[in-house]
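Here is what each chain is made of, one letter per residue.
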Amino acid sequence: MIDLKLLRTSPDQVRAALARRGDPGVATLLDEIEALDMRRRAVTGQLDQLKAERNDAARADATLMKEKGALPPAVLVQRRQLGARISGLEGEQRELEATLEAKGLFVPNLPLPELPDGDASCNAVVRTWGAPTPAGGRPHWEIGEQLGILDLPRGAKLSGSGFPVFVGAGARLVRALINLMLDLHGREHGYVEVEPPLAVRREIMQGTGQLPKFEEDMYRTTPDELFLIPTAEVPLTNLHRNEIVDGAALPLAYAACTPCFRREAGSAGKDTRGLLRVHQFDKVELVRLCGAADSPVEHEKLTAHAETVLQRLELPYRVVLLAAGDVGFASAKTYDLEAWAPGVGQWLEVSSSSTFTDFQARRANIRYRPRAGVKPEWVHTLNASGVALPRTIAALLETGQQPDGSVTLPRALASYMGADRLVPAGGA
C-alpha cells in the first residue's frame with residue numbers, strides 16, 4: 001500500500017485520479033513508490049521483531065549478570081550480532097523513508113472530478129466577455145516599436161532574448177497597470193498588499209510545487225542556493241509555512257506585484273515573438289487561504305477578481321476550464337483567462353486561477369484550527385494572476401491601435417497614465 005501523506009487517499013483512488021492526467025510516467029512512479037513502501041513496511045516489521053528480541057535479551061542478560069557476574073563470550077557475540085542487524089535495518093529504513101519522501105514530491109495533485117477528461121484539446125470555454133474585433137492589424141511588437149515604448153533589440157543586447165525593455169511611455173504604462181491592479185485588489189477586493197523577497201530557499205519552492213520537478217526551469221543563485229521566484233505565489237503562499245492559522249481569520253487574501261523569472265520561456269519554439277513568451281515579466285499575484293468547505297466558492301471569487309481587471313481594461317476575454325490532462329502539476333482545478341489580441345489573431349492567456357486544495361498546504365505544513373480545542377486541519381490554497389503584464393500589454397496595444405498609429409487607452413487606465421492614448425514617437 002502507498003502510505004505517504006502527500007498522496008492523501010487510498011492507492012486505488014490516487015491511481016484513478018492521476019490516470020486522468022494522461023501521463024504514463026505517473027503510473028510508473030506510483031509503482032515504484034508502492035514497491036518501496038512495501039519494503040519499508042517489511043523492514044519496519046523486522047525491526048519491531050528484533051527490538052523485541054533485544055528487550056527480551058536485555059532482561060535475560062540482567063538475570064545472568066546477577067547469577068554469574070558477567071555474560072558468557074558466546075552471549076556477547078550474539079548480542080553484538082543482534083545489534084548489528086538492528087543498526088543495518090535502521091539504516092535501510094532511513095534510506096527507504098528518504099527515497100519515498102523524495103519520490104512523493106514528484107506525484108502531482110489529484111484533478112477534481114468536474115474537470116473534463118483529455119488533453120488541452122478538451123479544455124472547455126465556460127464564459128466570454130466583450131465582443132472581439134476581427135483578427136488583423138499590426139502585431140504588438142510593431143506597434144510598440146513605432147510608439148517608441150518597447151525595445152526588444154536592446155533587451156536582447158542586455159540579457160538575451162526574452163528580456164524586454166519598456167521605455168518612456170512604455171515604462172509608465174507598466175507602472176500605471178500595476179497601480180491600477182493593486183489599487184483595485186486592495187481597495188475593492190480586500191487583499192493585503194505584500195512586498196515579498198524575490199529570492200527564496202529551496203524548501204519554499206518545494207512548498208508550492210515548483211521543486212523538485214521543475215528545477216531546470218528555475219533561475220538559481222550560487223553558492224547560497226536561492227531561487228529567483230517564478231511567481232509571487234511562491235513567497236505569498238509560504239508566508240504561513242509551518243504555522244497553525246486561527247480559523248476565525250480565514251480567508252486570508254494577499255496581493256503582490258513582483259518580477260517573475262522563468263527559464264522555460266519560448267520552449268518548443270512556439271509563441272516566441274514580442275511579449276508572448278518572455279523570461280522576465282511583472283505580474284500582480286493574488287493568493288487566498290481558506291478552509292476546505294469554502295474552497296469552491298473562494299475559487300470562483302478569486303477568478304472574478306482577476307476578470308474584473310480585464311473588464312476595467314475593456315479587453316474581450318474568455319474563461320477556459322482546463323482539462324485533467326492540461327492542468328498544472330500542483331493544481332486540482334484551473335481556469336485560464338484569455339484576452340483577445342487581434343494583431344496576432346490569438347487568445348492570449350493573461351491569468352490562471354487555480355485551486356490547489358490541500359496539496360501545497362501539506363508540502364508547506366500550513367494548517368488552521370477551526371475553533372479552540374479542535375484538531376488543526378489543512379488549509380486550502382488558491383492563487384490567480386491578477387494579471388500578468390506582457391500579454392495584457394500586447395492585447396491592449398493590438399485592441400486599441402488606430403489608423404493614425406496611435407493607441408487608445410481604456411478610461412480606467414487613462415486616469416493612471418495621465419493620457420487617453422499613446423502616440424508614435426515624435427507625434428502629437
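Structure's up top.
Report on the accompanying structure. Computed from a predicted model, the values in this text were never measured in an experiment.

Looking at the packing of helix 6 (residues 169-188) against helix 9 (residues 295-312)
Part 1 of the reasoning: Helix 9 packs onto helix 6 with a crossing angle of 130° between their chain directions and a minimal axis gap of 11 Å. The angle between helix 6 and helix 9 falls in the class oblique. For the element pair helix 6 and helix 9, the recorded crossing hand is right-handed. Residue-level inspection shows M181, L184, H185 and E188 of helix 6 in contact with helix 9, the latter providing H305, T308, V309 and R312.

Looking at the pattern of salt bridges
Part 1 of the reasoning: Scanning all chains against the criterion turns up 26 salt bridges.
Part 2 of the reasoning: In this structure, R39 engages E92 in a salt bridge whose closest nitrogen and oxygen atoms are separated by 2.7 Å. Residue R39 is located in helix 2 (residues 24-68), and its partner E92 is located in helix 3 (residues 73-104); the two are separated by 53 residues in the primary sequence.
Part 3 of the reasoning: Because the salt bridges share partners, they merge into one network encompassing R202, E215, R220 and E225.

Re the side chain of H380
Part 1 of the reasoning: Take H380: it is sitting in strand 14 (residues 380-388).
Part 2 of the reasoning: What makes H380 buried here is its relative accessible area of 11%.
Part 3 of the reasoning: Of note is the side chain of H380, whose polar atom sits 3.2 Å from the side chain of S295.
Part 4 of the reasoning: Setting aside chain neighbours within four positions, we find H380 in contact with R288, L289, C290, G291, A292, S295, T357 and D358.

A word on unusual backbone geometry
Part 1 of the reasoning: Across the junction of T222 and P223, the peptide omega takes the value 5°, indicating a cis bond.
Part 2 of the reasoning: Topologically, P223 is positioned in the loop between strand 4 (220-221) and strand 5 (226-228).
Part 3 of the reasoning: Cis peptide bonds are those with omega within 30 degrees of zero, and the linkage from G386 to V387 qualifies with 10°.
Part 4 of the reasoning: Note that V387 resides in strand 14.
Part 5 of the reasoning: Positive phi, close to 60°, is recorded for E225, a residue that is not glycine.
Part 6 of the reasoning: Residue placement: E225 occurs in the loop between strand 4 and strand 5.
Part 7 of the reasoning: The phi angle at E314 is positive, at roughly 60°, despite the residue not being glycine.
Part 8 of the reasoning: Structurally, E314 can be placed in the loop between helix 9 and strand 9 (317-321).

Notes on the sheet that holds strand 3 (residues 199-201)
Part 1 of the reasoning: Pairing within the open sheet is antiparallel, and its three strands lie in the order 3-5-4. Each having just a single partner strand, strand 3 and strand 4 make up the two edges of the open sheet.
Part 2 of the reasoning: Here three bridges tie strand 3 to strand 5, and the two strands are oriented antiparallel to one another. Paired with A199 across the bridge in strand 5 is L228.

What counts and how
Residues numbered from 1 in each chain as written. Predicted model: local features only at pLDDT ≥ 70, side-chain atom pairs only at ≥ 80, totals over all residues. Heavy atoms only, no water. Axes fitted to C-alpha atoms, helices over the stretch in contact; angles between N-to-C directions. Helix = DSSP H or I, 4+ residues; strand = E, 2+ residues; numbered from the N terminus. Parallel < 35°, antiparallel > 145°, perpendicular 65-115°, else oblique. Left-handed = near helix turned anticlockwise from the far one by under 90°. Contact = heavy atoms within 4.5 Å. Salt bridge = Lys/Arg side-chain N within 4 Å of Asp/Glu carboxyl O. Buried < 20%, exposed > 50% of the residue type's maximum accessible area, 1.4 Å probe, protein only. Polar contact = N/O pair within 3.5 Å; in protein donor to acceptor, adjacent residues only side chain to side chain. Pairing = 2+ DSSP bridges.

All quantities given are derived from atomic positions and should not be read as evidence of function.
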